[in-house]
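Residues per chain, in single letters:
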Amino acid sequence: MGFEREHNEWLCNHLKQRKGERLDALKRGHGYGNRLFVERVWWPLAGHFHGLHPEYEVKDWRGRSYFVDILWEIGASRIAFEIMDYGSHGTDRSKYRMDLNRGLFLQSQDCTVLYISLDEIKENPSFILSALRNILFPYLLADKSAKTTAERAYSRIERDLMRAAIRHHRVLRPADAARELELHTVTIIKYCRQLVDKGKFRPVARGSSQRIIYYEYIGTLQSPDLV
């Protein structure tokens, strides 16, 4: 199915499932900017709407509800997309500060928050698309809805390691990853070396012994085979 039909079905399903304030928020919030994002960026990037939620309700540090523009749930990971219009804050410094505080709080709760310029979506969507391909690469590989050649090229552990590296600012330390993934350090190193061979990790050594202390994620989605 094409974008229009998939988008309409996705939106209708969410409208049917909501009531009260959550329904009102969706009707008000999923407007021009959010729709443009899913059409020009998300659809070319993923080709589906699985796990994607428009106007997703979350609680802030005070327990008050607010709504994230778009949130993608994939496994245990949550990635929020906030579509920012230049005039969305106006001259209200309190609203500006509150929005930034909410984003910071979400990230403290293990939710990645990505701020997207509406002007850039309108004028240069290819830049947004390219940047998000790089950021979301490990998650797209793990997405079972996308049966691509790239997905079959990486094992589950390799995909887990790439996601772990992304979560830690593209740096993966074998001992830390072993604890996080509940695997032996020797196993982690083995798969890190395989990712080095595949061009996704770069070993970083220090000291006179040149002992490898961590691996840097350097993967990219520039190749069409990895989209």
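Structural data are supplied above this passage.
Residues numbered from 1 in each chain as written. Predicted model: local features only at pLDDT ≥ 70, side-chain atom pairs only at ≥ 80, totals over all residues. Heavy atoms only, no water.

### Focus on helix α1 (residues 3–17)
Reasoning step 1: Look at α1: 21 Å from first C-alpha to last across 15 residues, which is about the 21 Å you get at 1.5 Å a residue.
Reasoning step 2: Regarding α1, the residues found buried are Phe3, His7, Trp10, Leu11 and His14. Projected onto a plane normal to the axis of α1, the buried residues spread over an arc of 90 degrees and lie on a single side. Away from its buried face, by an angle of more than 90 degrees, α1 presents the exposed residues Arg5 and Lys16.
Reasoning step 3: Elements that come into contact with the buried residues of α1 comprise α2 (20–29), α3 (32–46), β1 (52–59) and β2 (65–74). (Helix = DSSP H or I, 4+ residues; strand = E, 2+ residues; numbered from the N terminus. Expected span 1.5 Å × (residues − 1). Buried < 20%, exposed > 50% of the residue type's maximum accessible area, 1.4 Å probe, protein only. Arc of directions from axis to C-beta. Contact = heavy atoms within 4.5 Å.)

### Notes on the nonpolar core
Reasoning step 1: Counting residues in each nonpolar core, the largest one holds 49 residues, and the members touching the most others are Phe37 and Trp42.
Reasoning step 2: Contact partners of Phe37, with chain neighbours within four places excluded, come to Trp42, Ile70, Phe81, Ile83, Ile116, Ile121 and Leu132.
Reasoning step 3: Counting residues in each nonpolar core, the second largest holds nine residues, with Tyr56, Leu71, Ala80 and Leu106 among its members. (Core = buried A, V, L, I, M, F, W, Y, C linked by side-chain atoms within 4.5 Å.)

### Considerations on the packing of aromatic side chains
Reasoning step 1: This model, assessed by the stated rule, comprises 11 aromatic pairs.
Reasoning step 2: Measuring from ring centre to ring centre gives 5.9 Å for Phe3 and Trp43, while their planes differ by 70 degrees; the resulting arrangement is edge-to-face. One end of the pair, Phe3, is in helix α1; the other, Trp43, is in helix α3, with 40 residues separating them in the sequence. The two residues Phe3 and Trp43 agree in class, both being buried.
Reasoning step 3: On the numbers, 4.7 Å between centres and 20 degrees between planes, the contact of Trp10 with Phe49 is stacked. Residue Trp10 is located in helix α1, and its partner Phe49 is located in the loop between α3 and β1; the two are separated by 39 residues in the primary sequence. (Phe/Tyr/Trp six-rings, centres within 6.5 Å; stacked < 30°, edge-to-face > 60°.)

### Structural notes on the side chain of His30
Reasoning step 1: Looking at the secondary structure, you find His30 in the loop between α2 and α3.
Reasoning step 2: With relative accessibility at 11%, the residue His30 sits in the buried group.
Reasoning step 3: A polar contact is formed between the side chain of His30 and the side chain of His7, at a distance of 3.1 Å.
Reasoning step 4: Those residues in contact with His30 that lie beyond four places of it in its chain are His7, Trp10, Leu11, Ala25, Arg35, Val38, Pro54, Glu55 and Ile70. (Polar contact = N/O pair within 3.5 Å; in protein donor to acceptor, adjacent residues only side chain to side chain.)

### What to know about the layout of surface pockets
Reasoning step 1: The calculated volume of the second largest pocket comes to roughly 480 Å³.
Reasoning step 2: Along its surface, the second largest pocket is lined by 21 residues, and Phe67, Asp69, Glu82, Lys95 and Asp99 are the ones closest to its centre.
Reasoning step 3: Where the lining of the second largest pocket is concerned, the elements lending two or more residues are α3, β2, β3 (77–84) and α4 (93–108).
Reasoning step 4: Considering every element that reaches the lining of the second largest pocket, the biggest residue donor is α4, with six residues.
Reasoning step 5: Looking at the lining of the second largest pocket, its residues break down into eight nonpolar, six polar and seven charged. (1 Å grid on protein atoms, 1.4 Å probe; cavity = no way out; pocket = protein on both sides within 12 Å on 5 of 7 lines; lining within 4 Å. Points joined across faces, edges and corners; volume = space filled by probe spheres on them. Nonpolar A, V, L, I, M, F, W, Y, C, P; charged D, E, K, R; others polar.)

### Thoughts on a nonpolar patch on the surface
Reasoning step 1: A contiguous nonpolar surface patch, about 300 Å² in accessible area, is contributed by Tyr96, Leu100 and Tyr115.
Reasoning step 2: Of the residues examined, Leu100 reaches a relative accessible area of 41% and is grouped as partly exposed. (Patch = residues over 30% accessible without salt bridge, like charges linked within 9 Å, V, L, I, M, F, W, Y side chains within 5 Å. Areas by Shrake-Rupley, 256 points an atom, 1.4 Å probe, with all protein chains shown as cover. Salt bridge = Lys/Arg side-chain N within 4 Å of Asp/Glu carboxyl O.)

### Points about the sheet that holds strand β5 (residues 171–172)
Reasoning step 1: The three strands are arranged β5-β7-β6 in an open sheet whose pairing can be described as antiparallel. Edge positions in the sheet fall to β5 and β6 (201–206), since each of these pairs with one other strand and no more.
Reasoning step 2: Bridge analysis of β6 against strand β7 (residues 211–217) gives six bridges, and the strand direction is antiparallel. The partner of Arg202 across the bridge, within β7, is Glu216. (Pairing = 2+ DSSP bridges.)

### Describing the sheet that holds strand β4 (residues 111–117)
Reasoning step 1: Strand order in the open sheet formed by four strands is β1-β2-β3-β4, with mixed pairing between adjacent strands. Only two strands of the sheet have a single neighbouring strand rather than two, namely β1 and β4. Pairs of neighbouring strands in the sheet enclose a mean axial angle of 40 degrees, with direction left out of account.
Reasoning step 2: Where β2 lies against β3, five bridges are found, and the strand directions are antiparallel. (Axes fitted to C-alpha atoms, helices over the stretch in contact; angles between N-to-C directions.)

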